[in-house]
Amino acid sequence: EAGVAQSPRYKIIEKRQSVAFWCNPISGHATLYWYQQILGQGPKLLIQFQNNGVVDDSQLPKDRFSAERLKGVDSTLKIQPAKLEDSAVYLCASSLDPGNYGYTFGSGTRLTVV
Amino acid sequence: DQQVKQNSPSLSVQEGRISILNCDYTNSMFDYFLWYKKYPAEGPTFLISISSIKDKNEDGRFTVFLNKSAKHLSLHIVPSQPGDSAVYFCAARGGGSNYKLTFGKGTLLTVNP
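Residues numbered from 1 in each chain as written. Chains lettered and ligands numbered in written order. Predicted model: local features only at pLDDT ≥ 70, side-chain atom pairs only at ≥ 80, totals over all residues. Heavy atoms only, no water.

Peer 1: How would you summarise the overall build of chain A if you had to cite specific residues and measurements?
Peer 2: The helix and strand tally for chain A stands at zero helices and 11 strands. Order of helices (α) and strands (β) in chain A, N terminus to C terminus: β-β-β-β-β-β-β-β-β-β-β. Summarising its shape, the C-alpha atoms of chain A cover approximately 35 × 25 × 25 Å along the three principal directions. Within chain A, the fraction of its 114 residues that count as buried is 44%. Sequence separation of at least 24 residues holds for 53% of the intrachain contacts in chain A that already meet a minimum separation of 6. About 5500 Å² of surface is accessible on chain A, with carbon and sulfur atoms providing 50% of the total. Across chain A, the 12 positively charged side chains and the 10 negatively charged ones have centroids separated by 7 Å. (Helix = DSSP H or I, 4+ residues; strand = E, 2+ residues; numbered from the N terminus. Buried < 20%, exposed > 50% of the residue type's maximum accessible area, 1.4 Å probe, protein only. Contact = heavy atoms within 4.5 Å. Areas by Shrake-Rupley, 256 points an atom, 1.4 Å probe, with all protein chains shown as cover. Lys, Arg positive; Asp, Glu negative; His and termini not counted. Charge placed at Lys NZ, Arg CZ, Asp CG, Glu CD.)

Peer 1: An account of the state of the cysteines is needed here, citing residue identities and associated values.
Peer 2: A full pass over the atoms with the stated rule returns two disulfides over all chains. Sulfur-sulfur distance for the disulfide between Cys23(A) and Cys92(A) comes to 1.9 Å. In this structure the cystine formed by Cys23(A) and Cys92(A) twists about its S-S bond by roughly -70°; its chirality is therefore left-handed. Of this pair, Cys23(A) sits in strand E3 (residues 19–24) while Cys92(A) sits in strand E9 (residues 88–95); the two residues are 69 residues apart in sequence, bridging distant segments of the chain. The disulfide that involves Cys23(B) links it to Cys90(B), with 2.0 Å between the sulfurs. Across the disulfide from Cys23(B) to Cys90(B), rotation about the S-S bond amounts to roughly -75°, and the bridge is consequently left-handed. Here Cys23(B), found in strand E3 (residues 19–25), pairs with Cys90(B), found in strand E9 (residues 86–93); they are 67 residues apart in sequence, far enough to count as distant. Accessibility classification places Cys23(B) together with Cys90(B) in one group, the buried group. (Disulfide = S-S within 2.5 Å.)

Peer 1: Please give an account of a nonpolar patch on the surface that cites residues and values.
Peer 2: A contiguous nonpolar patch, built from Ile18(B), Ile20(B) and Val78(B) and spanning about 230 Å² of accessible area, is present on the exposed surface. Residue Val78(B) is classed as partly exposed on the basis of its relative accessible area, which comes to 43%. (Patch = residues over 30% accessible without salt bridge, like charges linked within 9 Å, V, L, I, M, F, W, Y side chains within 5 Å. Salt bridge = Lys/Arg side-chain N within 4 Å of Asp/Glu carboxyl O.)

Peer 1: Describe in detail the packing of aromatic side chains, supporting the description with residues and values.
Peer 2: Enumeration over the complete set of coordinates arrives at 16 aromatic pairs over all chains. Between Tyr33(A) and Tyr103(A) the ring centres are 4.0 Å apart and the planes differ by 20°, which places this aromatic pair in the stacked class. Taken together, the positions of Tyr33(A) in strand E4 (residues 31–37) and Tyr103(A) in the loop between E9 and strand E10 (104–105) put the pair 70 residues apart, joining distant regions of the chain. Taking the centre distance of 6.1 Å and the plane angle of 85° together, the rings of Phe30(B) and Phe33(B) count as edge-to-face. With a relative accessible area of 1%, Phe33(B) lands in the buried category. Taken together, the ring pairs connect Tyr33(A), Tyr35(A), Tyr103(A), Phe105(A), Tyr36(B), Phe46(B), Phe89(B) and Phe103(B) into an aromatic cluster. (Phe/Tyr/Trp six-rings, centres within 6.5 Å; stacked < 30°, edge-to-face > 60°.)

Peer 1: Mind laying out unusual backbone geometry, listing which residues take part and the relevant values?
Peer 2: Cis geometry is adopted by the peptide bond preceding Pro8(A), which originates at Ser7(A) and carries an omega value of -10°. If you trace the backbone, Pro8(A) turns up in the loop between strand E1 (5–7) and strand E2 (10–13). Residue Gln80(A) is joined to Pro81(A) through a cis peptide bond whose omega torsion reads -5°. Positionally, Pro81(A) belongs in the loop between strand E8 (75–79) and E9. Phi angles above zero are rare outside glycine, and Asn51(A) is one such case at about 55°. Turning to its location among the elements, Asn51(A) is positioned in the loop between strand E5 (44–50) and strand E6 (53–56). Look at Asn51(A) and you get partly exposed, because its relative accessible area is 38%. In the Ramachandran plot, Lys71(B) falls in the positive-phi region, its phi being about 50° despite a non-glycine side chain. Counting through the fold element by element, Lys71(B) comes out in the loop between strand E7 (62–67) and strand E8 (72–77).

Shape is all these values report; function is a separate question.
See the structure below:
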């Protein structure tokens, strides 16, 4: 089974620029998650999708972050405008259903804001 | 407010010995506890989990112990191997319809040959 695909692997942008990350979950996985992992900390949930719908976006900074999941498959996470403190690894994960605790994570996108 | 805490940033053990990684939590509503392993430049990989109604779960060299009264869990790796060197994250799942995972900060395990 193919894993969770994410791109790009690395991105360097200047503050106030915009950036987008892409995620393709495991085929058939209805639930998709975006996590932010700042250096030295554990991953923090930004947003959770169940098919097309948002289940939890309580920790998403909505003034600058947005995410969508079209057709219940691929997802994009956008930051506009970026701040220095957004430098982190952005991890996408998917699972078969919300109760399935065995998330599968992608390799992540390392974002550096300078 | 850190609901899942891993107080040891790093741990170093000799190959063949036991590695014990610890985790504390504050929310008594968590219903599952999980351990993830992360190598550099890769995403976290699910390792082992335990339901809040159990006190032990074993899978090969990995055993997780849960002490609900102390709100404490630990991961034992016996025997430790150099390939086990990685960052280990403790995570807890919200109970009821909340399936969000809350992660600790991680512990870097180094197994020396």
